[in-house]
Amino acid sequence: MTLEFTEVRDVEGIARIAQYFSEVWNTMVDVLSTETLHCIRHAGGAVIGAFDGDRLAGATVAVFGPPADASVYSMIAAADPGVGLPLKLAQRDWALGHGATTMRWTYDPLVSRNARFNLVKLGAVVIEYTVDFYGPMRDGVNDGDESDRLTVSWDLTASPRPEPPGGPEGEILRTAPDGGPLEISDGQRIWCRVPSDVVALRREDPEAAAAWRKAVRGVFTDAFADGRVATSMSRDSWYLLERK
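Everything numeric here is computed off the predicted structure, so don't read it as measured data.

**Q** Now, about the nonpolar core: what can you tell me, with residues and values included?
**A** In terms of nonpolar packing, the biggest core is built from 48 residues, with Phe 220 and Tyr 239 touching the most fellow members. The element that contributes the greatest number of residues to this core is helix 6 (residues 206-225), accounting for eight residues. Leaving out residues up to four positions away in the same chain, Phe 220 has contacts with Tyr 129, Leu 150, Cys 192, Ala 230, Tyr 239 and Leu 241.

Shown next, in the form of structure tokens:
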């Protein structure tokens, strides 16, 4: 695979990216319409496509956020397998080229693979938990679930942090819907477990997925109220939450 990353500006290219997002989220409704993408581009944001020859293999959209001269907000990103990291790095290069030093975006706290990508591969930090961020969603991926989201902040000038050694250790404070431990603390750090594949769980057992949503929400809202941030995600789906 030979990838080329391009700021897409033409009408046909913008429409192609809007269609790509709809296919990824399995919905007939626009995730972001072509009109919205054109406005973002015209306002100084970036619609970046990842192309493998003529094939569109990923896309991401960013706008400037406060403070506008230093921060970029990534609105959406989707990519074929193996394209996500180079696409995100291309978005970082665009942001740095325009003078930004940080980037923020949101993701579903229960999707462990996204958490590991954001916190371990990129080195971002979770700084906020928002309950039902979007309200009801009607796409084929999130339909029927509440839209809780974590906000991450990525220092575009920093190197990824090394993965912390060891796994969760200490006292079990809460039990997960599957009967295993949900929250463990050693008195300083907190670990919170999420499902290994919540997308599959939503399809197979929506009630269990909803129970996980509420359980993880309780851990995170209490941890953030106590001045913590999430800094890592283990390979077996444990978040690490530490004091700022």
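**Q** Let's hear about the packing of aromatic side chains: which residues, and what values?
**A** Centre-to-centre distance and the angle between the planes together describe a pair of aromatic rings. For the structure on display, the rule yields eight aromatic pairs. Each ring, one from Phe 21 and one from Trp 25, has its centre 6.2 Å from the other, and the planes form 70°; the classification is edge-to-face. Overall, the relative accessible area of 0% leaves Phe 21 in the buried class. Taking the centre distance of 5.9 Å and the plane angle of 35° together, the rings of Phe 220 and Phe 224 count as tilted. Placement of both Phe 220 and Phe 224 in helix 6 is noted, with a separation of four residues, approximately one turn of the helix. Given a relative accessible area of 0%, Phe 220 falls into the buried group. The class of Phe 224 is buried, set by a relative accessible area of 17%. Put simply, the rings of Tyr 129, Phe 220, Phe 224 and Tyr 239 pair up and form one aromatic cluster. When the ring centre of Trp 105 is taken as origin, the NZ or CZ atom of Lys 88, which lies over that ring, is 3.9 Å away.

**Q** How would you explain the pattern of salt bridges if you had to name every residue and give the values?
**A** Oppositely charged side chains may form a pair once their charged atoms are brought near each other. This model, assessed by the stated rule, comprises 18 salt bridges. Here Lys 214 and Glu 146 are joined by a salt bridge, their closest N and O atoms 3.5 Å apart. Of this pair, Lys 214 sits in helix 6 while Glu 146 sits in the loop between strand 6 (125-130) and strand 7 (149-155), and the two are 68 residues apart along the sequence. In this structure, Arg 189 engages Asp 186 in a salt bridge whose closest nitrogen and oxygen atoms are separated by 2.9 Å. According to the relative accessible area criterion, Arg 189 is partly exposed, its value standing at 28%.

**Q** Explain the pairing of strand 12 (residues 238-243) to me, and be specific about the residues and the numbers.
**A** Examined bridge by bridge, strand 10 (residues 190-193) and strand 12 share four bridges and lie antiparallel to one another. Of the residues in strand 12, the one forming a bridge with Ile 190 is Leu 241. As judged from the five bridges shared by strand 11 (residues 228-233) and strand 12, these two strands associate in the antiparallel manner. Residue pairing for strand 12: Ser 232 is matched across the bridge by Leu 240. Between strand 11 and strand 12, which pair antiparallel in sequence order, lie four residues; one of them, Ser 237, sits at a positive phi of approximately 75°.

Criteria and thresholds
- Residues numbered from 1 in each chain as written.
- Predicted model: local features only at pLDDT ≥ 70, side-chain atom pairs only at ≥ 80, totals over all residues.
- Heavy atoms only, no water.
- Core = buried A, V, L, I, M, F, W, Y, C linked by side-chain atoms within 4.5 Å.
- Buried < 20%, exposed > 50% of the residue type's maximum accessible area, 1.4 Å probe, protein only.
- Helix = DSSP H or I, 4+ residues; strand = E, 2+ residues; numbered from the N terminus.
- Contact = heavy atoms within 4.5 Å.
- Phe/Tyr/Trp six-rings, centres within 6.5 Å; stacked < 30°, edge-to-face > 60°.
- Lys NZ or Arg CZ within 6 Å of the ring centre and 35° of its normal.
- Salt bridge = Lys/Arg side-chain N within 4 Å of Asp/Glu carboxyl O.
- Pairing = 2+ DSSP bridges.

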